[in-house]
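# Structural overview
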Amino acid sequence: MTMTSNAETVQFAGVDGITLVADEWNRGAPGERPTILMLHGGGQNRFSWKNTGQILGDDGYHVIALDTRGHGDSDRAPDADYDVETLTADVMQVLDTIGRPVVIIGASMGGLTGILVADRAGPEKVTKLVLVDVVPRFEKNGSARIREFMMTNIDGFDSLEDAAEAVAAYLPHRTKPRSPEGLKKNLRLRDGRWYWHWDPAFMTKPGDDPELRTEAFEEAATNLAIPVLLIRGKLSDVVSLEGVEHFLTQVPRAEFVELSNAGHTAAGDDNDAFSDAVVAFVERA
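Below: a short report on this structure. (Residues numbered from 1 in each chain as written. Predicted model: local features only at pLDDT ≥ 70, side-chain atom pairs only at ≥ 80, totals over all residues. Heavy atoms only, no water.)

## Regarding the overall build of the protein chain
Scanning the protein chain for helices and strands turns up ten helices and ten strands. Within the span of the protein chain, comprising 285 residues, buried residues form 54% of the whole. When contacts within the protein chain are restricted to residue pairs at least 6 apart in sequence, those whose partners lie at least 24 apart make up 75%. In the protein chain, 28 positive and 45 negative side-chain charges are present, and the distance between their average locations comes to 3 Å. (Helix = DSSP H or I, 4+ residues; strand = E, 2+ residues; numbered from the N terminus. Buried < 20%, exposed > 50% of the residue type's maximum accessible area, 1.4 Å probe, protein only. Contact = heavy atoms within 4.5 Å. Lys, Arg positive; Asp, Glu negative; His and termini not counted. Charge placed at Lys NZ, Arg CZ, Asp CG, Glu CD.)

## A word on the packing of helix α1 (residues 50-58) against helix α10 (residues 271-283)
Here α1 crosses α10 at 40°, and the two axes come no closer than 10 Å. The angle between α1 and α10 places the two elements in the oblique class. Our pair here, α1 against α10, has a crossing hand that is right-handed. Between α1 and α10, the contacting residues are Asn51, Thr52, Ile55 and Leu56 on the first element and Asn271, Phe274, Ser275, Val278 and Val279 on the second. Looking at the contact of α1 with α10 residue by residue, the classes come out as five nonpolar, four polar and no charged. (Axes fitted to C-alpha atoms, helices over the stretch in contact; angles between N-to-C directions. Parallel < 35°, antiparallel > 145°, perpendicular 65-115°, else oblique. Left-handed = near helix turned anticlockwise from the far one by under 90°. Nonpolar A, V, L, I, M, F, W, Y, C, P; charged D, E, K, R; others polar.)

## Focus on the pattern of salt bridges
For the coordinates displayed, the defined rule picks out 16 salt bridges. Notably, a salt bridge pairs arginine 46 with aspartate 67, separated by 2.5 Å at the nearest N-O pair. With a gap of 21 residues between them, arginine 46 in the loop between β3 (35-39) and α1 and aspartate 67 in the loop between β4 (63-66) and α2 (84-98) connect regions that are remote in the sequence. Here arginine 46 matches aspartate 67 in class, with each residue buried. Between arginine 284 and glutamate 255 there is a salt bridge; the shortest N-O distance is 2.9 Å. Within this pair, whereas arginine 284 is found in the segment after α10, its partner glutamate 255 is found in strand β10 (residues 254-259), the two being separated by 29 residues in sequence. Overall, the relative accessible area of 40% leaves arginine 284 in the partly exposed class. When salt bridges that share partners are traced, they join Asp23, Arg46, Asp67, Asp73 and Arg188 into one network. (Salt bridge = Lys/Arg side-chain N within 4 Å of Asp/Glu carboxyl O.)

## Some details on the packing of helix α4 (residues 140-152) against helix α5 (residues 160-170)
Direction vectors running N to C along α4 and α5 enclose 170°, while the axes themselves pass 11 Å from each other. Judged by the angle between their axes, α4 and α5 are roughly antiparallel. Where α4 abuts α5, its residues Arg145, Ile146 and Phe149 lie against Ala166, Val167 and Tyr170. Of the residues in the contact of α4 with α5, the class split is five nonpolar, no polar and one charged.

Remember, this is a structural readout, not a statement about activity or role.
Dropping the structure here:
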């Protein structure tokens, strides 16, 4: 089944009535195939999935790319509650609203959330899981580099060009676009400065013990009996080959694909190869 589908902007209710904004393709698609639910990484938004979502939509799938609370056009949490347990509860409510089985595709923070959701929802609600450059035992140095990039630019940029230069320095393996206009999906202009389109409190509020979080993610991942695809960018400093090997020994139905021209932001680094791997996995019976 092949069709051309344009994304519609829709809303879901998260925990305590918080509004979550999403792009949706093919709302009326037949129900014999699962919905694809896409969860972006920290500091990103639903537009990270635009190309892959369109490919899956054109293939006839019902696809939803969700802005996590505090990101993109979704509501900021009034009390800065961005704990992964709350993110998980938000997605559980979205699953109830969708009302049909889903395949979750999650990058980084979205992948860790996806592990918890898949474990708690069970195989009747979450039939497959795609993890994009994330495992429970991720590399702390790579994670710290992401945090440094986000915190360094938390006060915004003078221009789109300045933002483009910062991104190019952070992602030296990625070809720099000729125009910075595409960054308008990730930035908002306020009082003459361009700010990332996520709540700064997401980064500044103290969190819980990261070691305890790792244990919770590992326990949930080990419980999974559904097919799991782990996609790693070969240039990633967040997921090591040792981390991959450990994950594959712990998760019974996991398989692994490595993208040679990608880093941690795999979907954006080599979207064609990424989309090919996702489509092959999703379509397999």
